[in-house]
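# Residue-level structural notes
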Amino acid sequence: MKKALPYSEAELIERLKNQDAEAYSLLYDNYSAALYGIINTILKDDEVAQDVLQTVFIKIWKSINTYNREKGTLFTWMLNVARNSSIDELRTKNKKYEIRSIENDVYTIEKNLHTTFNTDTLGVKQTVNKLKPEHKEMIDLAYFGGYTQDEIAKQTGMPLGTVKTRIRTALIELRKLFK
Amino acid sequence: MDVQEYIESGILERYVLGNTLEQERKEVECMSHIYPEIKVALDELQESVNKYATLYEKAPPTALKGKIMTELDELKKNENKESAKVITLPENATEHKSASNIYKWVAAASVILFLIMGWLYNDTHNKLSTSQNETIVLAEELQQQKELASAQIEGVKKQNEQLNEGIALLNNPENKVINMATVAKDAPTAHATICWNNRTKEVYIGFANLPIPPANKQYQLWAIANGKPIDLGVIDKNKPVSVVQKMKTTERAQAFAVTLEKVGGSPSPTLAAMYVMGGV
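The sections below set out a description of the structure shown in this document.

On the side of chain B, 39 residues touch chain A, which itself brings 51 residues to the contact. Here chain A meets chain B over a buried area of about 4,400 Å², counting both sides, of which 63% is carbon and sulfur. Counting across the interface, chain A meets chain B through four salt bridges. Viewed at the interface, chain B and chain A are joined by 14 residue pairs in polar contact (both at pLDDT 80 or more). Of all the secondary structure elements, the ones that give two or more residues to the side of chain A that touches chain B are helix 2 (21-43), helix 3 (46-63), helix 4 (74-92), helix 5 (122-129), helix 6 (133-143) and helix 8 (160-177) of chain A. The dominant element in the side of chain A that touches chain B, judged by the number of residues it contributes, is helix 2 of chain A, at 12 residues. Looking at the side of chain A that touches chain B residue by residue, the class counts come to 26 nonpolar, 15 polar and 10 charged.

The following block contains the structure:
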């Protein structure tokens, strides 16, 4: 799904810092889907997500000089920009989780605030279904929901220690999934 | 630093899930930079999260790319406009002037040129005088500040010397150090230190914190030996009490005390006006 970039990541970063238009075009081609996916999963609104995607690319353009290898890969950095922008947007608009019944976007809220983020790709469903629901819930609440572990503990009624352990286990399971 | 403990502390998980404060983020990045094991653990966790996030990939509408790229282009143009330092002069192709026009033009131009030069000369002259005056004023100010700074440095040097004296006294193994604590209700933080030389029996008081005495009063130091007070002199009002002062010598002392007496001191202490006391 990802096209191979014609240059190395190091070279791409150089070009991005030089505001090279072609580099940004390639960046968009390769990563916009991943970024848009996160944004949309968090915000659950196509129109808002598009605005945020635009904001994210502008942020990347403006702050690329603050990126360095110590912060991880370029992809990680960009994912974080996208995620943070989305969570900011979420908090500003005070959005609550909505129940929608549009064909491909079905979000269900179960009684004890289990939140499932469904997608329209079969591949995704297959992979995520291999995760135990209680583990998926932890990751989703933290990553897509922006909840702190304290907040997760409060919302789910679980002790903080249990939340911490579950998150650890969830990530271990996640790693096994992708091996 | 127990690396394994750090890895198992849960902070790495919180980092990759975006649940850390800015300070914690910097800490994790720093640790990761120093300890390869932490970097490995962090990278693995991050990779899992990235792959998970990528599962939710969704292509944005095709029209959006153009919109975004155009905006980035605009940003670039605006930046370049602001930093443009090269001013391009408009090209004036004027090759078709007749000779007379040129002379008239040159004449007009030279008049203007003279006027401009005259004005410039005047202006420059004025500016020069003004700036000369300004320079003189600045020079004077600089001199004043130098003198002020000099005085301050002298003051600091003196303070430093006094502090060093005090420290030397405290460190001198011949000196017995006695701390006097407050006995006055109205001065709860009062205290002072006595250095009493075992060999020479000299007494020094310093590092004191005492309320500023009224104009008609002065602090006096006493040694208490065999139940009787011995006058060791008054504490100089003109020096800050924190500074070390040499007092009278005493052969014997079981305790030292400071009272507030009239200026010049008293033959015997006013016990009700005792501020600090310390036993040997």
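Resuming the write-up.
Glancing now at unusual backbone geometry. Look at Lys44 of chain A: it is not a glycine, yet its phi comes out positive at around 55°. Among the structural elements, Lys44 of chain A can be located in the loop between helix 2 and helix 3. Lys44 of chain A sits in the buried class, given a relative accessible area of 6%. Positive phi, close to 50°, is recorded for Asn226 of chain B, a residue that is not glycine. You can call Asn226 of chain B exposed: its relative accessible area is 58%.

Residue and element names in this part refer to chain B. Side chains of Val111, Ile112, Leu115, Ile116, Trp119 and Leu120 sit close together on the surface and give an oily, nonpolar patch of about 620 Å² of accessible area. Looking at the secondary structure, you find Trp119 in helix 6 (residues 99-171). With relative accessibility at 56%, the residue Trp119 sits in the exposed group.

It is worth spelling out the packing of aromatic side chains at this point. Under the criterion given, the structure shown has nine aromatic pairs over all chains. Summarising the aromatic geometry, the rings of Phe144 of chain A and Tyr56 of chain B are spaced 4.9 Å apart at their centres and angled 70° between planes, so their arrangement reads as edge-to-face. Residue Phe144 of chain A is found in the loop between helix 6 and helix 7 (149-156), and its partner Tyr56 of chain B is found in the loop between helix 4 (36-55) and helix 5 (63-82); the two belong to separate chains. The exposure class of Phe144 of chain A is buried, given its relative accessible area of 0%. The class for Tyr56 of chain B is buried, based on a relative accessible area of 2%. With 5.7 Å between their ring centres and 75° between their planes, Trp196 of chain B and Phe256 of chain B make a pair best called edge-to-face. Linking Trp196 of chain B in strand 2 (residues 191-197) with Phe256 of chain B in strand 7 (residues 255-262), this pair joins segments that are 60 residues apart in sequence. By relative accessible area, Trp196 of chain B is classed as buried at 7%.

Quick notes on the rules
- Residues numbered from 1 in each chain as written.
- Chains lettered and ligands numbered in written order.
- Predicted model: local features only at pLDDT ≥ 70, side-chain atom pairs only at ≥ 80, totals over all residues.
- Heavy atoms only, no water.
- Contact = heavy atoms within 4.5 Å.
- Buried area = accessible area lost by both parts, 1.4 Å probe.
- Salt bridge = Lys/Arg side-chain N within 4 Å of Asp/Glu carboxyl O.
- Polar contact = N/O pair within 3.5 Å; in protein donor to acceptor, adjacent residues only side chain to side chain.
- Helix = DSSP H or I, 4+ residues; strand = E, 2+ residues; numbered from the N terminus.
- Nonpolar A, V, L, I, M, F, W, Y, C, P; charged D, E, K, R; others polar.
- Buried < 20%, exposed > 50% of the residue type's maximum accessible area, 1.4 Å probe, protein only.
- Patch = residues over 30% accessible without salt bridge, like charges linked within 9 Å, V, L, I, M, F, W, Y side chains within 5 Å.
- Areas by Shrake-Rupley, 256 points an atom, 1.4 Å probe, with all protein chains shown as cover.
- Phe/Tyr/Trp six-rings, centres within 6.5 Å; stacked < 30°, edge-to-face > 60°.

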